[in-house]
Structure formats: C-alpha cells, structure tokens
Amino acid sequence: MANEAVLKEAADLFNLSYEAYAQRRLDEAEQLTLKAKALWEQELGVESLPVSTCLNNLGRICEETDRPEEGIAWHRAALALRKRLLGDHPETAFCYGNLGTALAMAGHLEEAVETLAAAVECFERCGDNGGHDVSGYKRNLEICRNALAEQNA
C-alpha cells in the first residue's frame, strides 16, 4: 500500500515544478520533477501515470534548455509508458505529439512526420479530430512534410 504522505509530497513537488516551469526557472523545475518522479516510482512503481507525466515534462524542459536529444529520450520513455498503460488514449496521442514536435525541432524530419501522423491518428481513434492539441499537431505535421519535401527536392 502506498504511503499517502509520500504521495502528497510527490504531488506537492510536482505542483512546485509546474510553477517553476511557468516562471521559466527551468533548472529548478527539472530538479523538482526528478524528485517527484523518484517518489512516485518508490510508491507506485515505474509503471504509473504520474511517472509518465514526469517523463513528458522532463522532455519539455530538456527541449527548452537546448538538450534536444535528451528531451527526445524522455519523450520516448513517456510515450512507451503511456502506450503500455493506456493504449489508444488522448494522453497517449499527446505524448506522440510531443515526441514528434521534439523530433522536428531536432531536425529528425522523417521520424517527426511518422510520429506526428501517429499522434493525429491516435487522437482520431479516440474520437478527437478537431481539438486544440490535434490542430497544433496537424499544423506541425504539415510543416514537417513541407520541410522534408524541400530537403528532398
């Protein structure tokens, strides 16, 4: 049985990390996220949704601190975990989209196109084909397809 005090501490650390992120204190956000992740892993195991959220957020932090390949690795881990835990689900699609965007920003256009297309398809399988996230990922997909076409021309 999970220790409720530890779970609360993890949630508090995670909330503080969100505030630090919003205020662009990215090093602090990263450290707080890592601490929350460790506590959730301790209490819930590595196969849990809170851990997958931490992985996703760590990916974003790395992207924004000019560590794109590290960010991609975190996003891959978040996506793999969400696929195992949720299968086709809007949160899984969101992770596909974040990974695809990170890949695009790092210049991995072919894989970005594949991953962003998978995000849109996953959203559609979940019945969401017009929300804010879906629209953004569709735009990113089009941008990547155009950039890839120019690169291959």
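See the structure shown above.
Residues numbered from 1 in each chain as written. Predicted model: local features only at pLDDT ≥ 70, side-chain atom pairs only at ≥ 80, totals over all residues. Heavy atoms only, no water.

Draft legend 1. Representation of the pattern of salt bridges within the structure. Summed over the entire model, instances satisfying the criterion amount to 12 salt bridges. In this structure, the salt-bridge partner of Arg84 is Glu47, at a minimum N-O distance of 2.7 Å. With Arg84 in helix H4 (residues 68–86) and Glu47 in the loop between helix H2 (26–44) and helix H3 (49–64), this pair connects stretches of sequence that are 37 residues apart. Given the relative accessible area of 40%, Glu47 is considered partly exposed. Among the ionic pairs, Glu70 bridges to Arg67, the shortest N-O distance being 3.2 Å. (Salt bridge = Lys/Arg side-chain N within 4 Å of Asp/Glu carboxyl O. Helix = DSSP H or I, 4+ residues; strand = E, 2+ residues; numbered from the N terminus. Buried < 20%, exposed > 50% of the residue type's maximum accessible area, 1.4 Å probe, protein only.)

Draft legend 2. Layout of the nonpolar core. Counting 44 residues, the largest nonpolar core has Ala36, Trp40, Leu55, Tyr96 and Cys144 as the members making the most contacts within it. For this core, the secondary structure elements donating two or more residues are helix H1 (4–22), H2, H3, H4, helix H5 (90–105), helix H6 (109–125) and helix H7 (132–152). Broken down by element, the residue count for this core peaks at 10 residues, all from H6. (Core = buried A, V, L, I, M, F, W, Y, C linked by side-chain atoms within 4.5 Å.)

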